[in-house]
Amino acid sequence: THPDHAPAANVLGARLAVPVLGYGPGPEFEPTATLGDGDVVSVGDVSMHAIHTPGHTDDHLCFRIADAIFTGDHIMEGSTVIVEDAAAYVDSLRRLQSLRPLHLYPGHGLEMPDAGAVITEYIEHRLERERQILAAIAAGASTVDEIVRVVYADVDESLHFAAAFQVNTQLAKLQSEG
């Protein structure tokens, strides 16, 4: 239900006279039918399987058709993803990895043909950021801003607001794990 996708769905659904499907309602989005994990939508001979992939948002769905997964915002070409729940996100990545897709089609970017390698890179990136955050804390960083300055030193400062959000998300995961 992020605003870069969902608001157009109802407009397009009405214009094309097709149902609008989604995990649930959200701002400027009202599905005509909801989809949950494992639900299947068939159009002709094509079956699309819904995969609930929380982490980016709690209501995120990816869709599998044969050996391809349409990843929405869960995996994007050329960029990492803003994550609301770090533990759920990595679990969702591992779930996609277990499906062994050959192709990924992101909501942002081009087809990613080496799906297994891409998913592995995303998992490794998240785990590396966690290690970097823990190392920054061990070295004396005691605020989110201090952690951001250490961990995201190579990232343009105009993006540090997003990095701070990610550090907070990662700290919440670490705190929940004790």
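Right above here is the structure, for reference.
If you're wondering where the values come from, they're calculated on a predicted model, not measured in any experiment.

*Asks:* Please explain the sheet that holds strand β7 (residues 103-106) as it appears in this structure.
*Replies:* Within a beta sheet, neighbouring strands are joined by backbone hydrogen bonds and run either parallel or antiparallel to one another. Taking strand neighbours across the sheet as the criterion, the five strands line up as β3-β4-β5-β6-β7 in an open arrangement whose pairing is mixed. The strands lining the two open edges of the sheet, one partner per strand, are β3 (40-43) and β7. Shown here is a sheet whose adjacent strand axes are inclined to one another by a mean of 25°, direction ignored. Sheet topology places strand β5 (residues 61-65) next to strand β6 (residues 68-72); three bridges connect them, and they run antiparallel. If you follow F63 over to β6, its bridge partner there is F70.

*Asks:* Could you clarify how one ought to interpret the pattern of salt bridges in this entry?
*Replies:* Between side chains of opposite charge, pairing is possible as soon as their charged atoms come close. Under the criterion given, the structure shown has four salt bridges. Note that E130 and K173 form a salt bridge whose closest N and O atoms lie 2.7 Å from each other. Remark: K173 occurs in helix α5 (residues 160-176) and E130 occurs in helix α3 (residues 115-138); sequence separation between them is 43 residues. Note on accessibility: E130 and K173 belong to one class, buried.

How each quantity is defined
- Throughout, residues of each chain are indexed from 1 in the direction in which the sequence is written.
- With the structure being a predicted model, the display of local features is reserved for residues of pLDDT at least 70 and the display and counting of side-chain atom pairs for 80 or more, all residues being used for whole-chain, interface and lining totals.
- With hydrogens and water set aside, each side-chain value is computed from the structure's full complement of heavy atoms.
- Pairing between two strands is assigned when DSSP locates at least 2 bridges connecting them.
- Put simply, DSSP marks the helices as runs of H or I at least four residues long and the strands as runs of E at least two long, and each gets a number from the N terminus on.
- For helices, the fitted axis covers only the stretch in contact; all axes are lines through C-alpha atoms, and the angles between them, taken along N-to-C directions, range from 0 to 180 degrees.
- A pair is scored as a salt bridge if a Lys or Arg side-chain nitrogen falls within 4 Å of a carboxyl oxygen belonging to Asp or Glu.
- Partly exposed residues are those whose accessible area sits between 20% and 50% of the maximum for their type, while under 20% is buried and over 50% is exposed, using a 1.4 Å probe and protein chains only.

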